[in-house]
Amino acid sequence: MPPFKPRRVLITGVSNPFGAEVARRLAPQVHQLFGCDIADPVSALEGMDFVHADTRQPVIGKLIRQLRIDTVVHLAVSIDSPRDERAVHETDVIGTMNVLVGCAAPSSSVRRLVVKSSQAIYGAGPHDPSFFAEDSINFERSASGVTRDLLELEQLVSEFVLRSEAAVTVLRLGWRVTEGTSLARYLSLPVVPTFAGFDPRLQLLHEDDAVEAIVRATADHHPGVFNIAGDGVVLLSQAIGIMGGTAAPILPPFGRWLSRLGLRLSMGVDLPAHLADIVAFGSVMDTSRAQTELGWKPSHTSRQAMDALARGKQVELIEAPSPPQEYELQVYLQQRRRRELRLSN
Amino acid sequence: MIETSPRERRKNSQRAEIVAPRQGFRLPKPVRRLQRQAPMYALQAVGTLATRLRELTGREVIDLNKVMAVVQFIYQQRELARRGPNYAVDDFGFDPQWTEAFIGVFKALYRDYWRVETTGVEHVPATGRALLVANHAGVLPWDGTMIKTAVFTEHPQPRHVRALVASQFMGMPVMSWFLRRTGQAVGHPDDTRRLLERDEPVLVFPEGTRGTGKGFHQRYRLRRFGRGGFVATAIRARAPIIPISVVGSEEIYPMVGDLRPVARLLGLPYFPVTPFWPWLGPLGMIPLPSKWRIQFHAPIDVQDLPAGAAEDQHLVMALSDQVRDTIQRGIYDNLKLRRGVFL
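Residues numbered from 1 in each chain as written. Chains lettered and ligands numbered in written order. Predicted model: local features only at pLDDT ≥ 70, side-chain atom pairs only at ≥ 80, totals over all residues.

**Q** I would appreciate a short explanation of the overall build of chain B in the present structure.
**A** Counting secondary structure elements, chain B contains 12 helices and nine strands. In terms of its C-alpha atoms, chain B occupies a principal-axis envelope of roughly 95 × 65 × 45 Å. Residues classed as buried in chain B amount to 34% of the 343 residues present. The contacts in chain B between residues at least 6 apart in sequence include a share of 73% that link residues at least 24 apart. (Helix = DSSP H or I, 4+ residues; strand = E, 2+ residues; numbered from the N terminus. Buried ≥ 20, exposed ≤ 12 C-beta atoms within 10 Å, placed from the backbone. Contact = placed C-beta atoms within 7 Å.)

This is how it looks when you write it as structure tokens:
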């Protein structure tokens, strides 16, 4: 039997820059590419058919069957969302369940499934080992927020693996610091309040490497769970220094929910619970399995991912100087005219 | 564009004023020059003073080596401040430059405060992995810092020993930050394996908090060595085991009592009561200047054992007992060699 090559691919959650980039990279490699999301795509892509569909509705299963999809790339998993916890839970758990039901139907033609998960599944705490390996997860432990949702999600996926013949790849993507993520917003503050007495290690993933991992997992047969993150670590204080800010170790390290509330009220920064834990204790994954089995190698280190964010900030500052406003110009010209009049008199 | 002749442009450029950004108040130039040269003058003055005093009294009053050590410490701190975010830490968060800048403090404690006498440091291999196993005592893990200092300063090939600490410390503010920066990792079998695979010398205290939290009347007596997990890890990683006996750490905080309810309330493994703590407040945290001896024993080689030996519980426990006996015997030997607790 010749090795399976994806022909009809569906990408869920395609309408964000990350999904768009995955679609752009996959389009030339596959026969027919479909994308679905609840919002309009961020950029038009020739060669991709866009469908308005919500993974939270069972209709997604019908879509998979009727389009005779053979590979599903499930990116509609929200980790870092400004929306409320309820919506995140609906998207991550109910959405994934619907997708899995669609893939598991008796007449299903799905042969490969790639699911985006996150480093958030490991949580962060003082009692954890210095590196998280793929198998070191205790699915029974109590967790909250995104971590709990992801644990439920991966539990659903592992149950699906047992009863289905499709090859399933789960990619636990590391923290990304592209413009607009909560972590990037937090690190970009001019004065960054940190937890007093803690300077954790941060492991970051460059957007290009994340896309590369998804594309690789989609194109070839690599069933299993993989940690995807950049090489090396940066310390929190170092990251703040790279961004040109000042670290202010003022938050009490205990009762982190109170600090989070304070941050939101005083500075308008939303630091989700799982990120507060990261900023206190740090979380680093062991990516050796992805490097040996998936053949994926990060082309950017954590430090380079951080530098990329800092560069982006500088470019923004240079390119967007505030233009003189209409009103100010008028005032200036008026003053000038008056002065000239006075001189001539 | 306004057309100008080259001549005119040159004239304009000469007129141009270089505007440096003014940074608030600046001292007058001679004062600044003096400021810059003050450390040099001060050192010269100290040197002259040392010579005079030596001539006057006929012995060494000011130890210039110590003065230079202080100067070096200050210089290193300035270097640290200057590097900004441009430094690299390893995956465990270890920052060698930062650690070496602060080792001066621990060297002072090592040489002058506890007057540590170290023997057998050459048993630590100059390269490659090794598992150092030591006894643990004295409420706060000062013994770990002294073993690290001993290997870094006394070994012909200075190496940074990576100690494994109880995860409780990683949850404490300042403590976790300091431990990570200076190269420590969590006492988890996974961390031990990874450090050994990177060919680092790893220091473990199998007694854990049972050792540091024991009362003063139980001093010099080793506690249970867990389930011998460290031996299994060493066999799997094919790393020699080097037992270390530390004498002196037991007397730095003579712990006469343990307030269990307070410890439970604060989430600590124990809450010590010594003749000075908590009665004297922060002063009670100053360790007593006992005389220390550290002995590194000959390595126990486990490289030749078969791969399945790590699962052989009998063998693992036997080796664990052997290590424990070596350390215990070393403690009694060194106690005999020590003239007194504070001498």
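**Q** Mind showing me how you'd approach the overall build of chain A here?
**A** Each helix and strand counted, chain A has 12 helices and 13 strands in total. C-alpha atoms of chain A, sized along the principal axes, occupy 95 × 50 × 35 Å. By the burial criterion, 45% of the 345 residues in chain A qualify as buried. Pairs at least 24 apart in sequence give 81% of the contacts found in chain A among residues at least 6 apart.

**Q** Help me understand helix α6 (residues 207–219) of chain A, please; the structure alone is not making it clear to me.
**A** One full turn of an α-helix is made of 3.6 residues, so residues set three or four places apart face in the same direction. A rise of 1.5 Å per residue sets the reference length of α6(A), with its 13 residues, at 18 Å; its end C-alpha atoms lie 18 Å apart and thus fit the reference within 8%. Taken together, the buried positions of α6(A) are A:D209, A:A210, A:V211, A:A213, A:I214, A:R216, A:A217 and A:T218. (Expected span 1.5 Å × (residues − 1).)

**Q** Sorry if this is basic, but what is going on with the interface of chain B and chain A here?
**A** One frequent convention defines the size of an interface as the accessible area lost when the parts assemble. Contacts between chain B and chain A engage 19 residues on the former and 18 residues on the latter. Contributions of two or more residues to the side of chain B that touches chain A are made by α6 (167–170), α7 (175–181), β4 (185–186) and α8 (189–197) of chain B. Here the side of chain B that touches chain A gets three residues from one element, more than from any other, and that element is α8(B). Residue classes in the side of chain B that touches chain A are distributed as nine nonpolar, six polar and four charged. (Nonpolar A, V, L, I, M, F, W, Y, C, P; charged D, E, K, R; others polar.)

**Q** What's the story with the nonpolar core in this structure? I'm lost.
**A** One broad rule of soluble globular proteins: the nonpolar side chains tend to lie buried together. Counting residues in hydrophobic clusters, the biggest one holds 153 residues, and the most contacted among them are B:L131, B:L132, B:V133, B:I147 and B:I244. Setting aside residues no more than four positions away along its own chain, B:I244 makes contact with B:L132, B:V133, B:A134, B:I147, B:I294, B:Q295, B:F296, B:H297 and B:I327. (Core = buried A, V, L, I, M, F, W, Y, C linked by C-beta atoms within 7 Å.)

**Q** What is the right way to read unusual backbone geometry from this model?
**A** Leave glycine aside and you will find that most residues have negative phi; peptide bonds, for their part, are mostly trans. Residue and element names in this part refer to chain B. W277 connects to P278 through a cis peptide bond whose omega is 0 degrees. Relative to the elements of secondary structure, P278 occurs in the loop between β8 (272–273) and β9 (293–296). Backbone geometry at D199 places phi at a positive 60 degrees, although glycine is not the residue there. Residue classification places D199 among the partly exposed positions, given that 13 C-beta atoms sit within 10 Å.

**Q** Looking at this model, I keep getting lost on the confidence of the model for chain B. Mind explaining?
**A** Keep in mind that low pLDDT regions are not for reading the predicted coordinates in detail. With 95% of its residues at a pLDDT of 70 or more, chain B has an overall mean of 89. At the level of chain-chain contacts, confidence expressed as ipTM amounts to 0.83, with global pTM at 0.85. (pLDDT = per-residue confidence, 0-100.)

**Q** For this particular structure, what's the right way to read the pairing of strand β5 (residues 112–118) of chain A?
**A** Within a regular strand, side chains alternate between the sheet's two faces. Residue and element names in this part refer to chain A. Of all seven residues that make up β5, seven are buried, and the element is covered over most of its length. Of the two faces of β5, both are covered, the one formed by R112, V114, K116 and S118 as well as the one formed by L113, V115 and S117. In the sheet, strand β4 (residues 71–74) pairs with β5 via four bridges, with the strands oriented parallel. Residue pairing for β5: V72 is matched across the bridge by L113. Pairing between β5 and strand β6 (residues 167–173): seven bridges, direction parallel. The residue of β6 that forms the bridge with R112 is A167. Traced from β5 through helix α4 (residues 145–163) to β6, the parallel crossover comes out right-handed. (Pairing = 2+ DSSP bridges. Right-handed = clockwise from strand over helix to strand, strands pointing away.)

**Q** Would you mind going over the sheet that holds β9(B) with me for this structure?
**A** Two orientations exist for strands paired in a sheet by backbone hydrogen bonds: parallel and antiparallel. Residue and element names in this part refer to chain B. Strand order across the open sheet formed by seven strands is β1-β9-β6-β2-β5-β3-β4, with mixed pairing between neighbours. If you trace the sheet from one side to the other, it starts and ends with β1 (117–119) and β4, each paired once. When strand β3 (residues 162–165) meets strand β5 (residues 201–204), the two strands line up parallel, connected through two bridges. What sits directly across from A163, in β5, is L203.

**Q** So what exactly am I meant to see when it comes to the environment of B:V105 here?
**A** Tracing the backbone through its elements, the reader meets B:V105 in helix α4 (residues 96–113). Linking B:V105 and B:V70, residues 35 residues apart in sequence, is a C-alpha distance of 9.2 Å.

**Q** Help me understand the sheet that holds β6(A) in this model?
**A** All names here are of chain A. A sheet is described by the order of its strands in space; here seven strands give the open sequence β3-β2-β1-β4-β5-β6-β11, paired in parallel fashion. Each edge of the open sheet carries a strand with a single partner, namely β3 (48–52) and β11 (224–228). The average undirected angle you get between the axes of adjacent strands in this sheet is 20 degrees. Sheet topology places strand β2 (residues 32–37) next to β3; five bridges connect them, and they run parallel. Within the sheet, the bridge partner assigned to D37 lies in β3 and is H52. Most of the contacts of helix α3 (residues 85–104) go to β4, to which it runs at about 175 degrees, and overall it touches β1 (8–12), β4 and β5. (Axes fitted to C-alpha atoms, helices over the stretch in contact; angles between N-to-C directions.)

**Q** Even after reading the chapter, I still don't get the packing of helix α1 (residues 17–26) of chain A against α6(A), so can you show me in this structure?
**A** In a packed pair of helices, the relevant descriptors are the angle between the two axes and the axis-to-axis distance. Residue and element names in this part refer to chain A. It is at 10 Å that the axes of α1 and α6 come closest, and there the two elements cross at 50 degrees. As judged from the angle between their axes, α1 and α6 are oblique. In this structure, the crossing between α1 and α6 has a hand that is right-handed. Packed against α1, whose contacting residues are F18, E21, V22, R25 and L26, the element α6 presents E207, V211, I214, V215 and T218 at the interface. When grouped by side-chain class, the residues that make up the contact of α1 with α6 number six nonpolar, one polar and three charged. (Parallel < 35°, antiparallel > 145°, perpendicular 65-115°, else oblique. Left-handed = near helix turned anticlockwise from the far one by under 90°.)

**Q** For this particular structure, what's the right way to read α4(B)?
**A** Residue and element names in this part refer to chain B. A rise of 1.5 Å per residue sets the reference length of α4, with its 18 residues, at 26 Å; its end C-alpha atoms lie 24 Å apart and thus fit the reference within 8%. Most pronounced at F102, the bend in α4 amounts to some 35 degrees. Packed against the buried residues of α4 are α5 (142–154). One or two positions beyond α4, positive phi appears at R115, with a value near 45 degrees. (Bend = angle between axes of the 7 residues up to and from the residue.)

**Q** What is the right way to read the confidence of the model for chain A from this model?
**A** All names here are of chain A. With 92% of its residues at a pLDDT of at least 70, chain A reaches an overall mean of 87. Per-element averaging of pLDDT across chain A places helix α12 (residues 326–344) at the bottom with 69 and β11 at the top with 96. Long-range and interchain partners of residues 316–323, a stretch whose pLDDT sits below 50, account for zero contacts in this model, where long-range means more than four residues apart.

**Q** Quick question: what am I supposed to make of the packing of helix α3 (residues 64–82) of chain B against α4(B) here?
**A** All names here are of chain B. Direction vectors running N to C along α3 and α4 enclose 155 degrees, while the axes themselves pass 9 Å from each other. In terms of their interaxial angle, α3 and α4 are classed as roughly antiparallel. Between α3 and α4 lies a crossing whose hand is left-handed. Between α3 and α4, the contacting residues are A69, Q72, F73, Q76, Q77 and L80 on the first element and W98, A101 and G104 on the second.

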